[in-house]
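Residue-level structural notes
Residues per chain, in single letters:
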Amino acid sequence: MTLEKGKILVVGASGMLGEPVARKLREDGYEVRLFVRDLARAQQRFGAGFEYILGEVSAEPTLQKALQGCTGVHISLQADSAALFDAVEHQGTARIAHLARELGVNRISYLSGALVSAQTALIPQQRAKYLAEQAIERSGVPYTIFKPTYFMESLPLNIQGKRAVIMGKSERPFRFVAAVDFASMVSRAFRTPEAANQRLFVYGPQAMTLREAMQTYCRIAAPHVQISVTPLSMMTLIDTLFMGGNLRPVIQLARLNQDWGEIGDATLTNQLLGASTTTLEQWCYQRTGLQVSA
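Residues numbered from 1 in each chain as written. Predicted model: local features only at pLDDT ≥ 70, side-chain atom pairs only at ≥ 80, totals over all residues. Heavy atoms only, no water.

What about the nonpolar core?
We apply this condition: Remark: nonpolar core denotes a set of buried residues (Ala, Val, Leu, Ile, Met, Phe, Trp, Tyr, Cys) joined through side-chain atoms within 4.5 Å. Each residue's exposure class comes from its accessible area (1.4 Å probe, protein chains only) as a fraction of the maximum for that residue type: buried when under 20%, exposed when over 50%, partly exposed otherwise. Only runs of H or I of at least four residues qualify as helices and only runs of E of at least two qualify as strands under DSSP, and these elements are numbered from the N terminus. Contacts were defined at the residue level, with two residues in contact if any of their heavy atoms lie within 4.5 Å.
With 30 residues, the main nonpolar core has Ala-22, Leu-25, Val-32, Leu-34 and Phe-146 as its most contacted residues. Of all elements in the fold, only strand E1 (7-11), helix H1 (18-27), strand E2 (31-36), helix H2 (39-46), helix H6 (179-190) and strand E9 (198-202) reach the threshold of two or more residues within this core. Considering every element that reaches this core, the biggest residue donor is H6, with seven residues. Setting aside residues no more than four positions away along its own chain, Phe-146 makes contact with Ser-109, Tyr-110, Leu-111, Ser-112, Gly-113, Phe-182, Met-185, Val-186, Ala-189, Leu-200, Val-202 and Leu-273. With 28 residues, the next largest nonpolar core counts Leu-9, Leu-67, Ala-128 and Ala-132 among its residues.

A short note on the packing of helix H4 (residues 85-102) against helix H5 (residues 124-139)
Formally: Fitted lines through C-alpha atoms give the axes, limited to the stretch in contact for helices. The angle between two N-to-C directions lies from 0 to 180 degrees. Between 65 and 115 degrees an angle is taken as roughly perpendicular, under 35 as roughly parallel, over 145 as roughly antiparallel, and anywhere else as oblique. Only Asp, Glu, Lys and Arg are considered charged in this grouping, and only Ala, Val, Leu, Ile, Met, Phe, Trp, Tyr, Cys and Pro are considered nonpolar; every other residue, Gly among them, is considered polar.
In contact at an axis separation of 8 Å, H4 and H5 are set at 5° when each is read in the N-to-C sense. Between H4 and H5, the angle is such that the two are roughly parallel. Contact with H4, carried on its side by Phe-85, Asp-86, Glu-89, His-90, Thr-93, Ala-94, Ala-97 and Arg-101, involves Pro-124, Gln-125, Ala-128, Lys-129, Leu-131, Ala-132, Ala-135, Ile-136, Arg-138 and Ser-139 of H5 and no other residues of that element. Counted by class, the contact of H4 with H5 contains nine nonpolar, four polar and five charged residues.

What to know about the environment of Asp-181
To be explicit about the condition: Each polar contact in these results corresponds to two N or O atoms within 3.5 Å; when the atoms are within protein, one needs to be able to donate a hydrogen and the other to accept it, and residues that are neighboring in sequence are counted only if both atoms are side-chain atoms.
On the secondary structure map, Asp-181 appears in helix H6. Along the chain, Asp-181 and Asn-270 lie 89 residues apart, while their C-alpha atoms are 11 Å from each other. Ignoring any residue separated from it by four or fewer positions in sequence, one finds Asp-181 in contact with Ser-276, Thr-277 and Thr-278. A distance of 2.7 Å separates polar atoms of two side chains, one belonging to Asp-181 and the other to Ser-276. Of the polar contacts made by the side chain of Asp-181, one reaches the backbone nitrogen of Thr-278; its length is 2.9 Å.

Focus on the pairing of strand E8 (residues 163-167)
For a regular strand, side chains alternate in direction, first toward one face of the sheet and then toward the other. What counts here: The rule for pairing is simple: two strands pair if DSSP sees at least two bridges between them.
Bridging between strand E7 (residues 159-160) and E8 involves two bridges; their strand directions are antiparallel. Of the residues in E8, the one forming a bridge with Ile-159 is Ala-164. Connecting the antiparallel pair E7 and E8 is a turn made up of two residues, with Gly-161 showing a positive phi of about 65°. Relative to strand E10 (residues 226-230), E8 runs parallel, the two being bridged by five bridges. Looking at the pairing, Ile-166 lines up with Val-229 of E10.

Quick word on the sheet that holds strand E3 (residues 51-54)
Hydrogen bonds along the backbone pair up the strands of a sheet, which may run parallel or antiparallel. The strand order across the open sheet formed by seven strands is E3-E2-E1-E4-E5-E6-E9, and the pairing between neighbours is parallel. With partners counted over all chains shown, the strands left at the sheet margins are E3 and E9, one partner each. Ignoring strand direction, the axes of neighbouring strands in this sheet form an average angle of 20°. The pairing of E1 with strand E4 (residues 72-75) spans four bridges and is classified as parallel. Within E4, the position partnered with Ile-8 by the bridge is Gly-72.

A closer look at the environment of Met-167
Looking at where Met-167 falls in the secondary structure, it is placed in strand E8. Classification of Met-167 by relative accessible area gives buried; the value is 17%. Residues Met-167 and Thr-192, spaced 25 residues apart in sequence, show a C-alpha to C-alpha distance of 39 Å. Other than its neighbours up to four places away in sequence, Met-167 contacts Thr-230, Leu-232, Met-235, Val-250, Ile-251 and Ala-254.

Regarding the sheet that holds E7
Spatial ordering of the open sheet is given by E7-E8-E10, a layout of three strands whose pairing is mixed. Each of the sheet's edge strands pairs with one partner strand only, and the pair in question is E7 and E10.

Notes on the pattern of salt bridges
Any two side chains of opposite charge can pair, given that their charged atoms come close. How we decide: A carboxyl oxygen of Asp or Glu within 4 Å of a side-chain nitrogen of Lys or Arg is what we treat as a salt bridge.
Following the criterion strictly, the structure yields 15 salt bridges and no others. Here Lys-7 makes a salt bridge to Glu-51, at a shortest N to O gap of 2.9 Å. Of this pair, Lys-7 sits in strand E1 while Glu-51 sits in strand E3, and the two are 44 residues apart along the sequence. Taking relative accessible area as the criterion, Lys-7 reaches 15% and is therefore assigned buried. A salt bridge links Arg-33 to Glu-51; the shortest N-O distance between them is 3.1 Å. Taken together, the residues span a long stretch of sequence, with Arg-33 in strand E2 and Glu-51 in strand E3 at a distance of 18 residues. With relative accessibility at 6%, the residue Arg-33 sits in the buried group.

Right, dumping it as structure tokens:
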């Protein structure tokens, strides 16, 4: 089924990767309802033209209210802490999928990850997303599960003060993807019947290592920043001694990326929804508002 018109609920719209999707859906002519935890902040951020529902994914009555009358739902959940991975990313998604079936929603799209699989499910965040995928599939609602590689938007998160820390070896290439390109794919998926019941890998147009990507970002957007590479063993020790284990999810993901690299194939995604075309250099210049160098 294609959703040429109708209302789409975006869960997690205030997040770094949910906001571009919400804005693109509205730009493409959909009515967009946002499910938010901080109403005043969301209204200030998005302004007029969106409908807002205040609530938590743990509260079924507000979720039911949010889904009522929607033809589609996009789920972009990110837990605030490791302790909430299962409650938010798995149970929250499962609750949305169940209610979507009960309320006659026609399509679910979900932001997962390229490395989410049964093989990586020993890691808590990967397990939460894997179980969320399974819950969506079991719901019987037609779905599109997106499995993207590194987002360009994640690069500034490596910077602390005047230093950018890369965890582990930076030897495997990744095809970094811009959130705006991903948002376009999500919007197209809702009006593309062939995208239903698909798990779609999302890769950008260029392959480069994390170090190369950080060098490009810092050259254009943060020239004052120095890049350093810290072995995962050292990061684990620092986390144990000084961070109380708070870095463990990040270290686990870094180890997965170091050991596995990119898996899957984005050919079907590109055929159905169009390929990601934004290069990292273009994204950096767009982010800074500078002119692209000749």
